[in-house]
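# An overview of the molecular structure
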Amino acid sequence: MKRFFKAIICLLSFLLVSSLALTAGTVSASTSINNINADEVNLDVKAAITIDQKTGEVLYAKNAAQALPIASMSKLITIYLTLQAIKDGKLSWNQKLTPTKNIVKLSNNSDYSNVPLQEKHQYTVKQLYEASLIESANGAVMMLAQAVYGSQENAVNQMRTLLKKWNITDAQIYTTCGLKNGEVGSDAYPGAGKNVENEIPAVGVAKIVDHLLTDYPEILNTSKLAELDFKDGSTVTKMQNWNWMLKGLSQYDSAYPLDGLKTGTSEKAGACFAGTLKYKGRRLITIVMGAKHVDGTDPSRFTQTKKMLDYVYNNYQLYIYKKGTQLTNLKGIKVNDGNQKIANLVVKKDTGIWQKTSSTGKLAFSKSAIQAPIKKGQLAGYYLFTNNPSIYSSKGTKLAATVRENIDQANIFVRIWHFFFK
């Protein structure tokens, strides 16, 4: 008889756990962001977006979901893979690389942004990395891709895989540097046309920059440099950063203290720019695509970036939520199988949410119930600011929450009773 009751209890426990697993709530990891506040300031660009790097909160977006050419902003993906290879021990900063004949030829083409490379000369990974970020050197970044993956084709395939991993599914990638497929000579991606070029939506570029700054923030130590020399034996090439908003360059303004990140220009793409700066202690990421490009002196992409930042500065306020704060406009959350039925939620760690000064925030929770046992400090779920769109959640910007006090699990008999009669 005892064995019979034990078997019944085990069976009921299994059914209980299975039921909970099937009914556990989830939050979508992706969303479609296109136009956010675009009607309030119409930028003279094809697409644009500004996000908070910590939360993914979107502060402005214009046509951000449409895939458009990104030109040399493509180099940010190759740079990410290079930094990943260095972290994994596959490359080292002082490792010397020798360019292929095709890369040498391309690097000496004055139609493209480059530092001139020479046959049989060797260059360190650090030199090529700096040239890729500061001078936007096409040959240099292709050498990095070649060193990690053995060929441009393999590197492009890895770039595509990385973007899919980041849920950037509407990208088209053909070259590691951002030139058109036919412009990279014998390194053209097989089976693709000569005129195809890399395309990604503005929201996708924002995700790339977010991942890059999160995983390898040291990139800013290089991207913030206005000038640097590229030394090749007795030859010195003076490199000047294409990001003219850096201190010491023509579009610098102390109101916009940018320290990165990457420009891109082509006939089809127009003038593009992925920027980043600290504002009120938070890092913002700005993307503009398809700005005017009359000639090599046209500052339109930077003018439009400033215009977008002005909008954010004048229309948003950062609200800081301290660890342990209970957001009073959200009622307690139901507890499954706990020694109490309702739990009070509090903010898990210090963070902030941007709110438009002209609107009132709407708050929800990411789950309909939480499961006991759960300890104070353990992630219980997320507060969701539902009218604050995020590039990572379809339900709004997330703020991690925990319980105010430890909640123990009820005994087995109470749980069985709740399972059948709740």
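The structure contained in this document is the topic of the report that follows. (Residues numbered from 1 in each chain as written. Predicted model: local features only at pLDDT ≥ 70, side-chain atom pairs only at ≥ 80, totals over all residues. Heavy atoms only, no water.)

## Comments concerning the overall build of the protein chain
Of the regular secondary structure elements, the protein chain holds ten helices and 20 strands. When burial is assessed residue by residue, the protein chain has 52% of its 422 residues classed as buried. If you take every contact in the protein chain between residues at least 6 apart in sequence, the share linking residues at least 24 apart comes to 66%. (Helix = DSSP H or I, 4+ residues; strand = E, 2+ residues; numbered from the N terminus. Buried < 20%, exposed > 50% of the residue type's maximum accessible area, 1.4 Å probe, protein only. Contact = heavy atoms within 4.5 Å.)

## Here's the deal with helix α4 (residues 125-134)
Of all ten residues making up α4, nine are buried, and the element is well covered by its neighbours. Along α4, the residues classified as buried are Val 125, Gln 127, Leu 128, Tyr 129, Glu 130, Ala 131, Ser 132, Leu 133 and Ile 134. Ser 136 occupies a position one or two residues after α4 and carries a positive phi of about 55°.

## Let's talk about the packing of aromatic side chains
Each aromatic ring pair is characterised by the separation of its centres together with the angle its planes make. For the structure shown, the criterion picks out twelve aromatic pairs. For the pair Trp 93 and Tyr 129, a centre-to-centre distance of 4.9 Å together with 70° between the ring planes defines the contact as edge-to-face. Highlighted residues: Trp 93 in the loop between α2 (75-87) and β4 (96-97) and Tyr 129 in helix α4, separated in sequence by 36 residues. Judged by relative accessible area, Tyr 129 falls into the buried class, the value being 3%. With centroids separated by 6.0 Å and ring planes inclined at 25°, the aromatic side chains of Tyr 256 and Tyr 313 adopt a geometry described as stacked. Of this pair, Tyr 256 sits in the loop between β8 (235-240) and β9 (258-266) while Tyr 313 sits in helix α9 (residues 300-315), placing them 57 residues apart in sequence. Each member of the pair, Tyr 256 together with Tyr 313, is buried. The rings of Tyr 256, Tyr 279, Tyr 313 and Trp 354 are connected pair by pair, giving a single aromatic cluster. Above the plane of the ring of Tyr 189 lies Arg 160, whose end atom (NZ or CZ) is 4.3 Å from the centre. Across from the ring centre of Tyr 382, 4.2 Å away, lies the NZ or CZ of Lys 398, which sits over that ring. (Phe/Tyr/Trp six-rings, centres within 6.5 Å; stacked < 30°, edge-to-face > 60°. Lys NZ or Arg CZ within 6 Å of the ring centre and 35° of its normal.)

## A closer look at the nonpolar core
Formed by 75 residues in total, the largest nonpolar core has its most connected members in Ile 49, Ile 200, Ile 287 and Met 289. Contacts of Ile 287, omitting those with residues within four sequence positions, involve Ala 47, Ala 48, Ile 49, Ala 202, Val 205, Ala 206, Val 209, Phe 273, Ala 274 and Met 308. Core analysis: the next-biggest nonpolar cluster, separate from the first, contains 27 residues, Val 41, Val 45, Met 308 and Tyr 311 among them. (Core = buried A, V, L, I, M, F, W, Y, C linked by side-chain atoms within 4.5 Å.)

## Considerations on the pairing of strand β16 (residues 351-356)
Side-chain positions along a regular strand alternate between the two faces of the sheet. Of all six residues in β16, six are buried; the element is thus mostly enclosed. Every second residue of β16 is oriented toward a common face, with Thr 351, Ile 353 and Gln 355 on one face and Gly 352, Trp 354 and Lys 356 on the other, all of them buried. Two elements, strand β12 (residues 316-321) and β16, share six bridges in a ladder whose sense is antiparallel. Residue pairing across strands places Tyr 319 opposite Ile 353, the latter belonging to β16. (Pairing = 2+ DSSP bridges.)

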